[in-house]
Amino acid sequence: MTPTTPAAAPPGPSRAGDIWREVTHHGLFWPVLALVLLLLACGIASPGFLDVTVRDGHLFGQLVDLLRNSATPLLLALGMCLVIATGGIDLSVGAVMAIGLAVSLTYLDNAADPSNIGTVLTAVLLGLAVGALGGAFNGAMVAGLGIQPFIATMILMVAGRGIAMLITQGQITTVTSPPFKTIGSGFVLGIPTPVVIAVVAFVVVAFVVRRTALGMFLESIGINREASRLAGVRSRQTTWTVYVIAGLLAALAGLVYGAPTMAADANNIGLMKELDAIMVVVLGGTKLDGGRFYLGGLLVGAMLLSSLERAVIIFQLPSQTTPLFKALVLIVVCVVASPTLRSMLRGRRRADRAQTPASPVEPADAVGVTA
C-alpha cells in the first residue's frame, strides 16, 4: 500500500477577520470614522472642545452646540430621505424653510401680543401648515401630473423665495417674542430645544416608516414604481404623502433655524440647505436611485456636516471655503465606500495571489507514514 500524507487544510478566514470585514463593509463605517477623526482633530486644535459642562441645569459646550446645529439638517434630511426612497428628490426644502418662517414671524409681527403663548402656537401652526401646503403642491406635480421630481420641486425652489419676499414685503421681519425664541435657543430638561425637537421628529418618522407598512411601500416604489402599483400599492397617494411630510419637516426646520434671531430674511434663510440635506442623506448611506434607505445614517450625516462647519472655524479657515471641504469629505467617503472600487481591489489581490509561486512541498515524515 502506497503511503499517503494527509494534506493540510488551507487556513480559513479567522473570526476576527470576518468581523472586521463586516464592519468595514457597513455603509456607515467610513462616515463614522470621518466624524470621529474630525472631532479628534478639533479636540487637538482647540483644547476644551470635547468638554461638556452643566450650568444652571443646562448642558453647555461645543459638542452641545454641534448637536444643536445638527437639528436643522437632520429635520431637512428626514423628509429628503423619504422622498429619495421613492426615487424622487425635493429641491424646494430651503425655500419652504423661508416661507414657513416668513409666515410665522409676519403673523407675530402683526399680532397685538407676540409674547402670548396662544399667539405663538398659532404662528407655529400657520408656518407648519404653509410648509405642508408647499409639500402638497410638489406631491401633486410629481404624483398627480407625472412631472419629474427635479423639475417639479425646482419650480417651488425658484418661486419660494419670491413668495417669502411677498409675505415679508421685501423687508427683514423681526419680532420680539421670548416664547418663540425658545424654539431655537431654549432648553428642555437641560437639553437644547432644537435637539429635543429633532429627536422627537426622528423617533416619530422612524416609528411610522419602520413599524407600519409605509417604509416597505416607499422602498417598493423606489425600486419599481409600476411593479408596486400592480402589486396593490397606492404609489400616487404614498408619493404625495411623502412630499407633504418633507414640506412639513422643512417648515419645522425653518422655525428652528430662525427662532434664535427672530428675524425672517427671505433672501438668506434656507439658502443652499437643499444641498446640505442631500449630502446628509448620501453620507447616511442612502443611494439617490431610490429603494432602500437608512434613517439611522442621517444622525451621523448631520453630525458630520455640522462638525465640518465648526472645524472650518476652529482651524481659522475662510468661511467661503466651507463648501469646498464639504465636497472633499463627500468625495472621500463615497470613493472609499464605493463597491466598484472594492471589487477592483479584491480582483487585484486575487491576481497577486495567483501569480505568487507555490511553496515547495516538504518530504513526508517517516513517523507519519503508515504501511
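Residues numbered from 1 in each chain as written. Predicted model: local features only at pLDDT ≥ 70, side-chain atom pairs only at ≥ 80, totals over all residues. Heavy atoms only, no water.

### Thoughts on the overall build of the chain
The helix and strand inventory of the chain stands at 15 helices and six strands. Pairs at least 24 apart in sequence give 75% of the contacts found in the chain among residues at least 6 apart. Put simply, the chain shows about 19,700 Å² of open surface, and 67% of that area lies on carbon and sulfur atoms. (Helix = DSSP H or I, 4+ residues; strand = E, 2+ residues; numbered from the N terminus. Contact = heavy atoms within 4.5 Å. Areas by Shrake-Rupley, 256 points an atom, 1.4 Å probe, with all protein chains shown as cover.)

### So, unusual backbone geometry
Here Asp56, not a glycine, exhibits a phi torsion of approximately 55 degrees, which is positive. Summarising the element assignment, Asp56 is placed in the loop between strand 1 (53-55) and strand 2 (58-60). Given a relative accessible area of 77%, Asp56 falls into the exposed group. Phi is positive for Gln316, close to 55 degrees, though the residue is something other than glycine. Structurally, Gln316 is set in the loop between helix 13 (296-314) and helix 14 (322-336). (Buried < 20%, exposed > 50% of the residue type's maximum accessible area, 1.4 Å probe, protein only.)

### Here's the deal with the environment of Gly160
Structurally, Gly160 is set in helix 6 (residues 149-168). A relative accessible area of 0% means that Gly160 is categorised as buried. C-alpha of Gly160 to C-alpha of Gly134: the two residues are 26 residues apart in sequence and 8.9 Å apart in space. Ignoring any residue separated from it by four or fewer positions in sequence, one finds Gly160 in contact with Ala95 and Ile99.

### Focus: the UniProt feature "transmembrane region" (unreviewed entry) in the chain
Look at the UniProt record and you will see "transmembrane region" (unreviewed entry) annotated at residues 28-53, 74-105, 117-137, 149-167, 187-209, 238-257, 293-317 and 323-341. Taken as a whole, residues 293-317 contains 76% helix and 0% strand, while its terminal C-alpha atoms sit 34 Å from one another. (UniProt positions renumbered as here; feature names shortened; annotations may be inferred.)

### So, a nonpolar patch on the surface
On the surface, Phe137, Phe150, Ile151, Met154, Ile155, Met157 and Val158 cluster together to form a nonpolar patch covering roughly 580 Å² of accessible area. Top contributing element to the nonpolar patch by residue count: helix 6, with six residues. For Val158, the position within the fold is in helix 6. (Patch = residues over 30% accessible without salt bridge, like charges linked within 9 Å, V, L, I, M, F, W, Y side chains within 5 Å. Salt bridge = Lys/Arg side-chain N within 4 Å of Asp/Glu carboxyl O.)

### Observations concerning helix 13
For helix 13, spanning 19 residues, the distance from its first C-alpha to its last is 28 Å, which sits close to the expected 27 Å at 1.5 Å a residue. Among the 19 residues in helix 13, 15 count as buried, and that is most of the element. Gln316 sits one or two residues past helix 13 and shows a positive phi near 55 degrees. (Expected span 1.5 Å × (residues − 1).)

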